[in-house]
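# Summary of the model geometry
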Protein chains: 2
Amino acid sequence: MSVGIRDVARAAGVSTATVSRALGRGPVSDALREQVEAAVRATGYRPNLSARRLRSQATQTIGLIVADIRNPFFTAVSRAVEDAAYQAGMRVILCNTDEDAEREALYLRLMQEERVTGVIFAPTRTTAQAMRAGDLDFPVVLIDRSGPPGAHDSVVLDNTAASAALVDHLVAQGYARIGGLFGSTSSTAQERRAGYEAAMARHGLEPATRACAPNAAAAEAESVRWLAEGDRPEALIVSNGLMLMGAVRAARALALAVPGALALAGFDNEPWTELLDPGLTVIEQPVAEIGAQAMNLLFDRLKSPDQPVRKVVLSGRPVLRGSTGRR
Amino acid sequence: MSVGIRDVARAAGVSTATVSRALGRGPVSDALREQVEAAVRATGYRPNLSARRLRSQATQTIGLIVADIRNPFFTAVSRAVEDAAYQAGMRVILCNTDEDAEREALYLRLMQEERVTGVIFAPTRTTAQAMRAGDLDFPVVLIDRSGPPGAHDSVVLDNTAASAALVDHLVAQGYARIGGLFGSTSSTAQERRAGYEAAMARHGLEPATRACAPNAAAAEAESVRWLAEGDRPEALIVSNGLMLMGAVRAARALALAVPGALALAGFDNEPWTELLDPGLTVIEQPVAEIGAQAMNLLFDRLKSPDQPVRKVVLSGRPVLRGSTGRR
DNA sequence: CTGAAAGCGCTTACAG
DNA sequence: CTGAAAGCGCTTACAG
């Protein structure tokens, strides 16, 4: 029923090989190329990509595995990845793991079956730790989170420095009892905590941290619990945009004025963080560049498979707003 | 290099046909099935999906074509679609058109080359109007926007009623000079405008509308222009979540108190709309259900290709907040 | 530059 | 239930 390459060949009076070459970059005379193009138009022929992929052993497909596309950070990164991919003539398969190691394994298997060209992956700590170089049949670029040094290319934020910048700013603004709420599943959250702890120590301050699942609901619940206690912090640094939203809700629920009763700072410069009154102090991540750089690392790796493993570390940009006003 | 079905067959001492059947739902004796499964484990075999798709003529793939995944409405819908798809053993190819008719055409062609099982599509008005039933080799389900009646299955919001509900609420709150800012590219924006106009007429009020590209920046610019005029409206209804954000920015830029100097209402119950002070009155869309219903329509269509075209109309839920407080 | 032929890795009638 | 064989729709050495 569907028109195939044989129909086009017949219509153009050439062999299927010539049709194939005319549509690809093969050497074909101008005359025949035009005949083929006319035949393609006349028949409405569309090549079958499954057949092409099977025969050419090149799927032109990259897998993108993230925790949840509804996390604005991943939304933005994925858009950058897709733009770069389609521009390079590749398509992308998107998978949401919900920070679940089993689903990560499932999707990694799927990527094998798809014979993908490469994968861009934001793994949980569990999975990242278990991933050895050469385990998979395709190159992997880690984003947002990294694994064991030297195993895979990665592009991450300088999380330690970003956290420290937040602490330094809060200290400069007159805060001392600064708490940290961090996600429990990613290396990124760990690094942000480490940066927080180091900076607190540098200032001679006592660190106080809590951990929870990296989503708004969990962060709200944990914040409410924490902030209802007697010795609650006077400022809070929160691990990501979703969790920061939870912390804001918690402050509202407990009627804590920001920054009067509680200063707030976090990560991800989502549009809404500017709209609040006061606006929220955050670390802006170069989301588009993270996606674009990940694609670059992947393409470089495909070109030079034996090149040493690279780790691209990007700096966050502190955006200071009213939520961390002077104490 | 990669292990194929022949290697598994050899390892299990059976034919490739038996391996194939053991991995699918074919009839195989328990004994052989176990041998095959052991061989699969031993060899680490992963079937090549390109080959399977080519041979079986079933790609198990659905295309999802939206304006921009960064629009939270589409983010949420796409997550619902993907969950349903993976649960049904299908994968999804995501495409962003940026409301560009050329890119829509491009991606529709790509879908043909992928030989997708079906497509879920939020088209611009231009493309929707041009799409005739039977043009494509696969069923299409329109979401958020619909085309000519009877051409394709669709799942949309009751936009007319939703807009009217917003007008009614504003009138009840004492507003009369109510303006409407609507997107210029979708049938949805048109319906929302029509609903607004009808409701205004019903109340004996003079409608006043403006149109702009459906994004935050364009809405902000247009709002600033409009609200700086002498006869500016005392309340504004805005077409979608992105544009509503632009209107909020405009009010801030012009130092218009909400709702004192300008009441604000719109669409899409994004988390941030509740966080503002006052919160924003919005129509909440059943995003997850839209995605799930679209998949249902698609599956039903695949089962019964000749069934009459269906249009699922879902109701929005008004969420009344302070931004439309009494005048 | 062009064509005939082989083959990518599967699944599926067809026999038995 | 099982196997030998054909074939899905392309691309690509191999000759010419």
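Under an unreviewed UniProt entry, chain A has the name LacI family transcriptional regulator and belongs to Methylobacterium durans.

## A short note on helix H2 (residues 16-23) of chain A
All names here are of chain A. Within the sequence span of H2, burial applies to Thr-18, Val-19 and Ala-22. Looking straight down H2, one finds its buried side chains confined to an arc of 100°; they lie on one side. On its buried face, H2 sits against helix H1 (5-12) and helix H3 (30-43).

## Overview of the protein's contact with DNA strand D
As a structural note, the neighbourhood of DNA strand D is formed by 27 residues, with A:Ser20, A:Arg55, B:Thr18, B:Arg21 and B:Ser29 the closest of them. A breakdown of the atoms of DNA strand D within 4 Å of the protein gives sugar and phosphate a share of 61%. Within the contact set of DNA strand D, a phosphate oxygen lies 2.7 Å away from a side-chain nitrogen or oxygen of A:Arg52. Separating a phosphate oxygen of DNA strand D from a side-chain N or O atom of B:Thr18 is a distance of 2.4 Å. Only H2 and helix H4 (49-56) of chain A together with helix H2 (16-23) and helix H4 (49-56) of chain B provide two or more residues apiece to the surface near DNA strand D. Residue classes in the surface near DNA strand D are distributed as eleven nonpolar, nine polar and seven charged.

## Points about the protein's contact with DNA strand C
The local shell around DNA strand C holds 27 residues, among which A:Thr18, A:Arg21, A:Ser29, B:Ser20 and B:Arg55 are the closest. For DNA strand C, the backbone portion of the atoms within 4 Å of the protein, that is sugar and phosphate, comes to 62%. With respect to DNA strand C, the side chain of B:Ser20 contributes an N or O atom lying 2.5 Å from a phosphate oxygen. Within the side chain of B:Arg52, an N or O atom sits 2.7 Å from a phosphate oxygen of DNA strand C.

## Description of the pattern of salt bridges
Throughout the structure, instances matching the rule amount to 46 salt bridges over all chains. Between A:Glu114 and A:Arg91 there is a salt bridge, with the nearest N and O atoms lying 3.9 Å from each other. Of this pair, A:Glu114 sits in helix H6 (residues 101-114) while A:Arg91 sits in strand S2 (residues 91-96), and the two are 23 residues apart along the sequence. Judged by relative accessible area, which is 1%, A:Glu114 ranks as buried. Of the charged contacts, one joins A:Arg310 and A:Asp300 as a salt bridge, the two residues approaching to 2.4 Å between their closest N and O atoms. Of the two residues, A:Arg310 sits in the loop between helix H13 (287-303) and strand S11 (311-314) while A:Asp300 sits in helix H13, which places them ten residues apart along the sequence. A relative accessible area of 33% means that A:Arg310 is categorised as partly exposed. A relative accessible area of 25% means that A:Asp300 is categorised as partly exposed. Where salt bridges share partners, they join A:Arg53, A:Arg91, A:Glu114, B:Arg53, B:Arg91 and B:Glu114 into one cluster.

## With respect to the domain arrangement of chain A
Residue and element names in this part refer to chain A. Splitting chain A by domain gives domain 1 (5-55), domain 2 (61-157 + 287-316) and domain 3 (159-285). With 13 residues of domain 2 in contact, the opposing surface of domain 3 contributes 18 residues. Surface buried jointly by domain 2 and domain 3 totals about 1,400 Å² across both partners, of which 49% is contributed by carbon and sulfur atoms. Our count for the contact surface shared by domain 2 and domain 3 stands at zero salt bridges. Connecting domain 2 to domain 3 are six residue pairs in polar contact (both at pLDDT 80 or more). Of all the elements in the fold, those that place two or more residues in the side of domain 2 that touches domain 3 are helix H5 (72-87) and H13. Its residues placed into classes, the side of domain 2 that touches domain 3 shows five nonpolar, four polar and four charged.

## Regarding unusual backbone geometry
Backbone torsion omega between A:Asp277 and A:Pro278 reads 5°, so that peptide bond is classified as cis. Summarising the element assignment, A:Pro278 is placed in the loop between helix H12 (271-275) and strand S10 (281-284). A positive phi angle is found at A:Asp98, which is not glycine, with a value near 55°. Its place among the elements puts A:Asp98 in the loop between S2 and H6. Of the residues examined, A:Asp98 reaches a relative accessible area of 36% and is grouped as partly exposed. Residues other than glycine seldom take positive phi values, yet B:Arg115 does so here, at roughly 55°. On the secondary structure map, B:Arg115 appears in the loop between helix H6 (101-114) and strand S3 (118-121).

## Description of the nonpolar core
Counting residues in each nonpolar core, the largest one holds 50 residues, and the members touching the most others are A:Ile120, A:Val155, B:Ile120 and B:Val155. Sequence-distant contacts of B:Ile120, that is, excluding residues within four places in its chain, are made with B:Ile62, B:Gly63, B:Leu64, B:Ile65, B:Val81, B:Val141, B:Ile143, B:Ala294, B:Met295 and B:Leu298. Core analysis: the second largest hydrophobic core is formed by 45 residues, A:Leu181, A:Trp226, A:Ala251 and B:Leu236 among them.

## Quick word on the environment of B:Asp137
Residues and elements named next belong to chain B. Secondary-structure assignment places Asp-137 in the loop between helix H7 (125-130) and strand S4 (140-143). Relative accessible area serves as the criterion here: at 57%, Asp-137 is assigned to the exposed category. Between the C-alpha atom of Asp-137 and that of Glu-229, which follows or precedes it by 92 residues, the distance is 51 Å.

About the criteria used
Per chain, residue numbering runs from 1 following the sequence as it is written. Here chains are named by letter from A upward and ligands by number from 1 upward, in the order in which they appear as written. Owing to the predicted nature of the model, reporting of local features is limited to residues with pLDDT of at least 70; listing and counting of side-chain atom pairs is limited to 80 or more, with chain, interface and lining totals taken over all residues. Water and hydrogen atoms were dropped before computing side-chain values, which therefore reflect all heavy atoms in the structure. The classification of residues rests on relative accessible area computed with a 1.4 Å probe and restricted to protein chains. Under 20% of the type maximum is buried, over 50% is exposed, and intermediate values are partly exposed. Only runs of H or I of at least four residues qualify as helices and only runs of E of at least two qualify as strands under DSSP, and these elements are numbered from the N terminus. Working note: the arc is built from the helix axis to C-beta atom directions. Whether two residues are in contact is decided by their heavy atoms, any of which lying within 4.5 Å being enough. Each residue is tested against the molecule or strand, and it is near if at least one of its non-hydrogen atoms lies within 4 Å. Residues adjacent in sequence count toward polar contacts only when both atoms are side-chain atoms; beyond that, a polar contact is any pair of N or O atoms within 3.5 Å, and within protein one must be able to donate a hydrogen and the other to accept it. All amino acids are sorted into three groups, where Ala, Val, Leu, Ile, Met, Phe, Trp, Tyr, Cys and Pro are nonpolar, Asp, Glu, Lys and Arg are charged, and the leftover types, Gly among them, are polar. Here, a salt bridge means any Lys or Arg side-chain nitrogen found within 4 Å of an Asp or Glu carboxyl oxygen. In this document the domain limits rely on a domain assignment from an automatic tool or a database. Buried area, as used here, totals the accessible surface that two parts lose on assembly, with accessibility defined by a 1.4 Å probe and the loss added over both. Throughout, nonpolar core names a set of buried Ala, Val, Leu, Ile, Met, Phe, Trp, Tyr and Cys residues whose side chains join them through atoms within 4.5 Å.

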